[in-house]
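Understanding the architecture of this molecule
Chain by chain, the residues run as shown.
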Amino acid sequence: MAPRIAVMTSGGDSAGMNAAVRAVAKSAILRGCQAWVVREGWEGLVRGNAEGEEESTDGDATPPHPEPETLPPSVAQPPGTSEARRWRGTYGQGELLREGVGEAEELGLKGKYILRVGWDDVRGWMDQGGTLIGTARCAAFREVAGRQRAARNLISCGIDALVVCGGDGSLTGADRLRAEWPELVAALLERGEISAEQAQRHRHLKIVGLVGSIDNDMATTDMTIGAATALARICEAVDSISSTAASHSRAFVVEVMGRHCGWLALMAGIATGADYVFLPERPPPGDWRADMCGVLARHREMGKRKTIVIVAEGALARDLTPISPDDIKAVLAERLGLDTRVTTLGHTQRGGKPVAADRVLATLQGVEAVEALLEATPETPSYVIGIRENKITRIELMHAVQQTQLVAQRIEKQDFDGALALRDSEFAEGLRAFDVISKIDERELVPQEQRIKMGIIHLGAPAGGMNAATRTAVRYCLAHGHTPVVIHNGIPGLLADSVAEINWLRVDNWTTRGGSELGTNRVLPDSDFGAVAAKLQQHKIEGLLVIGGFEAFLAVKQLNEQRANYPAFRMPIAAIPATISNNVPVSEFSLGSDTSLNALVDACDAIKQSASASRNRTFVVETQGGRCGYVAVMGALAAGAVLVYTPEHGIGLQELGEDVAWLRRRFELDTKGKSEGRLVIRNERASDVYTTEVITKILKEEGQDLFDSRSASLGHTLQGGTPSPLDRARATRLAIKCCEFLTQHALALRKDSTAYGDATAAIIAIRGSDVEFVGAKDMAAQADMKNRRGKTAWWHGLKRLAELMGGRTALKVGEKL
Ligand code: ADP
């Protein structure tokens, strides 16, 4: 009998839970298992299916499980067979979604909480907020009797593998269920509620956790499903508030969620350029009133017209007294005389439509959860799936939960450093970064003789986060006594002396601005090395921060190569990858790619809606990205496209023919009148022959009466307007590291002018779970110069995953997801 994997959502809902359920269900089916869902969290599991209506444990009562190599369906089989049923699932065409679980009766779901689902049952779930299978808080599950009922219901449905997506409460419940499982089974057997054969067959329960939580409060993982969306909603709100605050010269106190975790407050503070943040893990030093007023008064002295304070709901003073938004408002009004308003964002933060990062995270983690279940043995612990920088991880579930609970305990004991130590490195770096960019404190200045002049330049095309990185670098310099010098309009600007010192206030609003405030273009130093050297020398620049895409990497490489000829280039040079194409070699991310993916999924969601409304339509969406398919592949994964064409893979006639045949097959199998639109994503340079227009026409021609085809080119809209909070926060973090790199090496070079080496001309790169500087020379060894991209990239395998999730292709025998 095929293994049965069930997935449920529990506790507070978060954006991306549906993407997780979809990924688990699809992965289970792809791996030859039956996919089940449990509605309404632990409550649904305790209730089970109404008596007499229990799902048969006999696999044949439901569609026969296909051999893995027969997925997707062979073109020979006619619709209406079990194959069609398998695709449609038990309810078909996302029926659970369309009718909503509230309409359960109409679907015959009354009294049924544990359901088998098929491929199309989870169709169109990716862009839905909250959780479509419902969630609940369940007191009964806290009691052993409730867990016994849950065990009986799982066994009667033949399920022995469970994916639980929820917060630390839900995962604690999951751990208890697994730990007690043998006793629960023994009790059920003794009472005759299950047969000896069932007890034997289900003697082990496998559980994997996915963390669905908007607070990002789970220790041991960098991001939880839903946190990025919640942050996006907060930043949208604060960005809007900022303009009214500036108009009236007001102060706003914005309360955000986070009882024991200040991640949302801190990241929102960084991403929106707020003036002050209150977090549970790090109360302000001394008297919070005096500290806050000191900081804010200095900001006003600098000329700021608005004041934004972000406060986590669990904010505390050092003596553990809660700090409420109204307390803060009273202090601001009394001591600083500010016209102050309080905004509580409340449930808007739950997020609604998930951002691209949550969809991708939930999908990758859902896939990993199924793999972890299939690998689990009675001896292996239960895992929770996490992420470190860009690496999906497995952590022992109970360890993760205990570490998370430890944070609250340490806060209670006023051990704030201990609480912070349990947060990931991004959090601690974020705190430091927030201080650097928001505080004006004479005590941070380095001695006169250690101060340098740092040049900042943008190269290549604009990308979200460039301005935030520049703002941070400028503030870093000013906070330490260095002199920030911005170079306008790239290399031509340098040659034309468009070079200026810049002050603290000038960059204040830059974090939320898209494009490039400095101006940028594609001209490289090799346009005139001599003149570039002369200008750098003339402006006495001792360290250069380059922000840009492939051009930034090329510029650092060229300057490094010319150091023998031009002493002016023997200063430290650091680059931050910033390009929507994410084609800088080695680094797994570049600033702007998150913003761009959000723009892409927003556009695709709208296009898909239009395609669905007109029935039977395939949209071919063209993306930018040069010769790098990153945006196309990640976009396909996040938007739920069924096909994706990339320059790395190219497009062949035979493959195109198979794609067309497959699309016809899928439209044939759709329930008549219920067909939804389908998306195909094509990178602009995927093929010179099979252009977007050609593919659209081929699909139209071949679709005949089954489906129609249209195209849409997203072009420069992918630059995305306002940068995403993740790009802004990442920009800040990387900029601080680059400034430290530049100042340290500049001082070393002052002492020993021969100390420059390849390592001092570097690009900051996120690699797996590390952030590190890679010398331009080393990076060049990993670059495919002709195609302007890396020789390899971490996401190459995700094209296949996107197509697997779209149903285009099947796993090969023995292949894992
Ligand atoms: P979250 O999962 O978002 O942290 P809760 O803490 O409310 O949300 O937990 C959700 C559900 O998980 C609870 O209603 C309860 O059914 C179950 N649960 C939480 N803690 C335990 C526990 N210690 N033992 C058993 N079940 C628990």
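Residues numbered from 1 in each chain as written. Predicted model: local features only at pLDDT ≥ 70, side-chain atom pairs only at ≥ 80, totals over all residues. Heavy atoms only, no water.

1. Considerations on unusual backbone geometry
Excluding glycine, most residues fall at negative phi; most peptide bonds, likewise, are trans. The backbone phi angle of Lys540 is positive, close to 55 degrees, even though this residue is not glycine. Note on placement: Lys540 falls in the loop between helix H18 (529-538) and strand E15 (543-548). (Helix = DSSP H or I, 4+ residues; strand = E, 2+ residues; numbered from the N terminus.)

2. Overview of the site of the ligand
Around the ligand, a shell composed of 15 residues is seen, among which Arg137, Cys138, Gly167, Gly169 and Ser170 lie nearest. In this structure, Asp168 approaches the ligand through a side-chain N or O atom, which is 3.3 Å from an oxygen atom. Isolated, the ligand exposes 550 Å² of accessible area, and the fraction of that covered by the protein chains is 84%. Top element by residues in the shell around the ligand is helix H6 (residues 168-190). It accounts for six residues. (Near = heavy atom within 4 Å. Polar contact = N/O pair within 3.5 Å; in protein donor to acceptor, adjacent residues only side chain to side chain. Areas by Shrake-Rupley, 256 points an atom, 1.4 Å probe, with all protein chains shown as cover.)

3. Digging into the UniProt feature "binding site: Mg(2+)" (unreviewed entry) in the chain
Cross-referencing UniProt, the feature "binding site: Mg(2+)" (unreviewed entry) maps to Asp168 in the present numbering. Structurally, the position occupied by Asp168 is in helix H6. Residues in contact with Asp168, not counting those within four places in the same chain, are Met218, Val401, Thr404 and Gln405. (UniProt positions renumbered as here; feature names shortened; annotations may be inferred. Contact = heavy atoms within 4.5 Å.)

4. Brief notes about the UniProt feature "active site" (unreviewed entry) in the chain
Residues annotated by UniProt as "active site" (unreviewed entry) correspond here to Asp215. Note on placement: Asp215 falls in the loop between strand E5 (206-211) and helix H8 (227-248). Exposure remark for Asp215: the relative accessible area of 13% places this residue in the buried category. Setting aside anything within four residues of it in sequence, one finds Asp215 in contact with Met257, Gly258, Arg259, Cys261, Trp263 and Leu264. (Buried < 20%, exposed > 50% of the residue type's maximum accessible area, 1.4 Å probe, protein only.)

5. A closer look at the environment of Arg728
Assignment of secondary structure puts Arg728 in helix H24 (residues 725-751). Here the alpha-carbon distance between Arg728 and Leu591, two residues 137 residues apart in the chain, equals 8.1 Å. Every residue in contact with Arg728, bar those within four places of it in the chain, is listed here: Cys235, Asp239, Ala271, Thr272, Ala468, Thr511, Thr512, Thr722 and Pro723. At a separation of 3.0 Å, a polar atom in the side chain of Arg728 contacts the main-chain carbonyl oxygen of Pro723.

6. Things to note about the packing of aromatic side chains
Inspection of the entire model under this criterion finds 12 aromatic pairs. Taken together, the aromatic side chains of Phe589, Tyr630, Trp794 and Trp795 make up a single cluster linked through ring pairs. The side chain of Arg423 reaches across the aromatic face of Phe427, ending 5.8 Å from its centre. Positioned above the aromatic ring of Phe667, the side-chain terminus of Arg678 is 4.7 Å from the ring centre. (Phe/Tyr/Trp six-rings, centres within 6.5 Å; stacked < 30°, edge-to-face > 60°. Lys NZ or Arg CZ within 6 Å of the ring centre and 35° of its normal.)

7. A closer look at the packing of helix H5 (residues 144-156) against H6
With their axes 9 Å apart at the nearest point, H5 and H6 run at an angle of 80 degrees to one another. With respect to H6, the element H5 is oriented roughly perpendicular. Where H5 approaches H6, its residues Val144, Arg147, Gln148, Ala151, Arg152, Leu154 and Ile155 are matched on the opposing element by Arg176, Leu177, Glu180, Trp181, Leu184, Val185, Ala187 and Leu188. (Axes fitted to C-alpha atoms, helices over the stretch in contact; angles between N-to-C directions. Parallel < 35°, antiparallel > 145°, perpendicular 65-115°, else oblique.)

8. Some words on the pattern of salt bridges
Taken as a whole and judged by the stated rule, the model has 49 salt bridges. Across the salt bridge formed by Glu375 and Lys816, the nearest N and O atoms sit 3.4 Å from each other. In this pair, Glu375 sits in helix H12 (residues 356-375) while Lys816 sits in the segment after helix H26 (798-806), placing the two residues 441 residues apart along the sequence. A salt bridge links Glu740 to Arg432; the shortest N-O distance between them is 2.4 Å. Within this pair, whereas Glu740 is found in helix H24, its partner Arg432 is found in helix H15 (residues 425-438), the two being separated by 308 residues in sequence. (Salt bridge = Lys/Arg side-chain N within 4 Å of Asp/Glu carboxyl O.)

9. Considerations on the nonpolar core
Within the largest apolar cluster, 153 residues are counted, with the highest numbers of intra-cluster contacts made by Ile5, Leu210, Trp263, Leu266, Ile310, Leu545 and Ile576. Sorting elements by how many residues they give to this core places H24 first, with 11 residues. Here Ile576 is in contact with Ala469, Leu545, Val546, Ile547, Gly548, Leu591, Leu734, Ala735, Cys738 and Ile764, once residues within four sequence places are set aside. (Core = buried A, V, L, I, M, F, W, Y, C linked by side-chain atoms within 4.5 Å.)

10. What to know about the state of the cysteines
Any covalent bond linking the sulfur atoms of two cysteines counts as a disulfide. Enumeration according to the criterion identifies zero disulfides in this entry. The structure places no disulfide on Cys165, whose sulfur is separated from the nearest cysteine sulfur, that of Cys261, by 17 Å. Here Cys165 falls in the buried class, since its relative accessible area comes to 1%. For Cys261, which is in no disulfide, the shortest distance to another cysteine sulfur is to Cys235 and amounts to 15 Å. (Disulfide = S-S within 2.5 Å.)

11. Some points on the pairing of strand E8 (residues 307-312)
With six of six residues buried, E8 is to be regarded as a mostly interior element. As paired elements, strand E6 (residues 251-256) and E8 share six bridges and run parallel to each other. Of the residues in E8, the one forming a bridge with Val256 is Ala312. Where strand E7 (residues 276-278) meets E8, three bridges bridge the pair, whose relative direction is parallel. Counted as the bridge partner of Tyr276 is Val309 from E8. Running through helix H10 (residues 288-301), the crossover from E7 to the neighbouring parallel element E8 is right-handed. (Pairing = 2+ DSSP bridges. Right-handed = clockwise from strand over helix to strand, strands pointing away.)

12. Remarks on the environment of Arg410
Along the polypeptide, Arg410 turns up in helix H13 (residues 397-412). On the basis of relative accessibility, which here comes to 25%, the residue Arg410 falls in the partly exposed class. Taking the C-alpha atoms as reference, Arg410 lies 9.2 Å from Leu420; in sequence the two are 10 residues apart. With residues near it in sequence (within four places) discarded, Arg410 still touches Asp415, Gly418, Ala419 and Leu422.

13. Describing the packing of H8 against H24
The N-to-C vectors of H8 and H24 enclose an angle of 90 degrees; their axes lie 9 Å apart at closest approach. Between H8 and H24, the angle falls in the class roughly perpendicular. From H8, Ala228, Leu231, Ala232, Cys235 and Asp239 reach across to H24, where they touch Pro725, Leu726 and Arg728.

14. Considerations on the confidence of the model for the chain
On average, residues of the chain carry a pLDDT of 90, and 92% of them reach 70 or more. Per-residue pLDDT stays below 50 along residues 52-81; that stretch engages in 68 contacts with residues further than four places along the chain or on separate chains. (pLDDT = per-residue confidence, 0-100.)

15. Observations concerning the domain arrangement of the chain
Each assigned domain of the chain is listed with its residue range as follows: domain 1 (4-224 + 354-405), domain 2 (227-349), domain 3 (442-591 + 723-790) and domain 4 (607-720). When each unit is reduced to the centre of its C-alpha atoms, the spacing between domain 3 and domain 4 is 38 Å. Taken together, the contact pairs nine residues of domain 3 with 11 residues of domain 4. Between domain 3 and domain 4 the total buried area reaches about 870 Å² when both faces are included, carbon and sulfur atoms providing 54% of it. On the domain 3 side of the contact with domain 4, Ile580, Ser581 and Arg789 bury the most area, a combined 57% of that side's loss. Remark: the boundary between domain 3 and domain 4 carries zero salt bridges. At the junction of domain 3 and domain 4, the tally comes to one residue pair in polar contact (both at pLDDT 80 or more). Here the residues of the side of domain 3 that touches domain 4 are counted per class, giving four nonpolar, four polar and one charged. (Domains from an automatic or database assignment. Buried area = accessible area lost by both parts, 1.4 Å probe. Nonpolar A, V, L, I, M, F, W, Y, C, P; charged D, E, K, R; others polar.)

16. A few points about the sheet that holds E7
Spatial ordering of the open sheet is given by E7-E8-E6-E9, a layout of four strands whose pairing is parallel. Each having just a single partner strand, E7 and strand E9 (340-344) make up the two edges of the open sheet. For this sheet, the mean inter-axis angle between neighbouring strands, taken without regard to orientation, is 20 degrees. As defined by bridge partners, E6 adjoins E9 across five bridges and the pair is classed as parallel. Each bridged residue has a counterpart across the sheet, and for Val253 the counterpart in E9 is Val342.

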